[in-house]
Amino acid sequence: MTVLDRMDGWATRLAAQISDGPDGYSGVAGDQQWADEIRRLLDLRGATLLAHNYQLPAIQDVADHVGDSLALSRIAAEAPEDTIIFAGVHFMAETAKILSPEKTVLIPDQRAGCSLADSITADELREWKSEFPDAVVVSYVNTTAAVKALTDICCTSSNAVEVVASIPEDREVLFCPDQFLGAHVKRETGRKNLHICAGECHVHAGINGDELAAQARSHPDAELFVHPECGCATSALYLAGEGSFPEDRVKILSTGGMLDAARESNARQVLVATEIGMLHQLRRAAPEIDFQAVNDRASCKYMKMITPAALLRCLVEEADEVHVDLETAALAQRSVQRMIEIGQPGGGE
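Residues numbered from 1 in each chain as written. Predicted model: local features only at pLDDT ≥ 70, side-chain atom pairs only at ≥ 80, totals over all residues. Heavy atoms only, no water.

How should the side chain of H227 be read in this particular structure?
Mapped onto the elements of the fold, H227 is located in the loop between β11 (223-226) and α12 (233-241). When its relative accessible area of 0% is taken as the criterion, H227 is described as buried. Here E229 takes part through its backbone nitrogen, which lies 3.0 Å from a polar atom of the side chain of H227. (Helix = DSSP H or I, 4+ residues; strand = E, 2+ residues; numbered from the N terminus. Buried < 20%, exposed > 50% of the residue type's maximum accessible area, 1.4 Å probe, protein only. Polar contact = N/O pair within 3.5 Å; in protein donor to acceptor, adjacent residues only side chain to side chain.)

This is the structure in structure tokens:
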């Protein structure tokens, strides 16, 4: 008997409402009835649901685990379930497959891409490496499996500085794909032979320094949490450096680091410079703090393609499955493992 055979009449009618369009699947509300059906279908599938911090609140609330992509991929590898539903963008589901090659990994909509991961292709990295044949390649975990396979060491935003610092100073380093995280690493390490790819996350790059400065000056008693992928990270440090905002209240943090800082903070208000989906987890972690987005338009259209309708379709149809060929997966896993051997990757991206 299949999952379809075991669906009741209400679930069948709900699935019939799903429609497909250029922005993804729609037609189903993320209400309590939907949530109950998702949990039932997960049990029937013998699956576990992982949701990234930037997902819609309804998706986060129904998930078994919420976090950053690398932490979730490691949970996937340890989970007893044979099927992983990854509510995130495609490279994240690929990473879960790399670390769990024997498991079935599904993404609710395979069209959910990533502008940052698309900033560099395997062919482009190959060409770059040919210009610096003795360089060490450090790639942010927000890359495709094919790029990870050509990488020497992966990194997250929380351990990128540590990873680069572990490389002998006389070795040149190629850092990809995020230019703003690369600039942060260069600033922290003082390394002169760090070559940085000009890639970016379109959402984080769009959080600019002017609006961050305006928000900070309008809320002088707030703390400031800034993701290092943001184009405004340098502006945040400048505000602290010139004394217009107290240095101890400016924090450059990964998403996991933001959650840790939120739990320890005594601030009444925190301004957050990252994708707005993160606010949901921050408010759950520290409900007494007023968390406000530096830019309330900082929403990733790709993350938001994982809709209630998409998740329902995924569980009903067992789609879309993520595949990574075994050779690519083995090479990519090696670069991730090297990162873990250098130091725990902490809060991931």
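Please explain the pairing of strand β14 (residues 290-293) as it appears in this structure.
Looking along a regular strand, one sees the side chains alternate between the two faces of the sheet. By the alternation rule, side chains of β14 split into F291 and A293, which are all buried, and D290 and Q292, of which none is buried. Of the strand pairs in this sheet, strand β13 (residues 269-273) and β14 are connected by four bridges, and their pairing is parallel. By the bridge assignment for β14, L271 is matched with Q292. Handedness of the crossover joining β13 and β14 through helix α14 (residues 278-285): right-handed. (Pairing = 2+ DSSP bridges. Right-handed = clockwise from strand over helix to strand, strands pointing away.)

Explain the sheet that holds strand β3 (residues 47-52) to me, please; I cannot follow it from the model alone.
The strands making up a sheet associate through backbone hydrogen bonding, with each pair oriented either parallel or antiparallel. An order of β4-β3-β5-β6 is seen for the four strands of this open sheet, with the pairing classed as parallel. At either margin of the open sheet sits one strand with a lone partner, and together these are β4 (65-67) and β6 (104-106). Strand-to-strand twist of the sheet, defined as the mean angle between neighbouring strand axes without regard to direction, takes the value 25 degrees. In the sheet, β3 pairs with strand β5 (residues 83-87) via five bridges, with the strands oriented parallel. Paired with A51 across the strands is A87, a residue of β5. (Axes fitted to C-alpha atoms, helices over the stretch in contact; angles between N-to-C directions.)

Without other data, these values stay purely geometric and don't point to any function.
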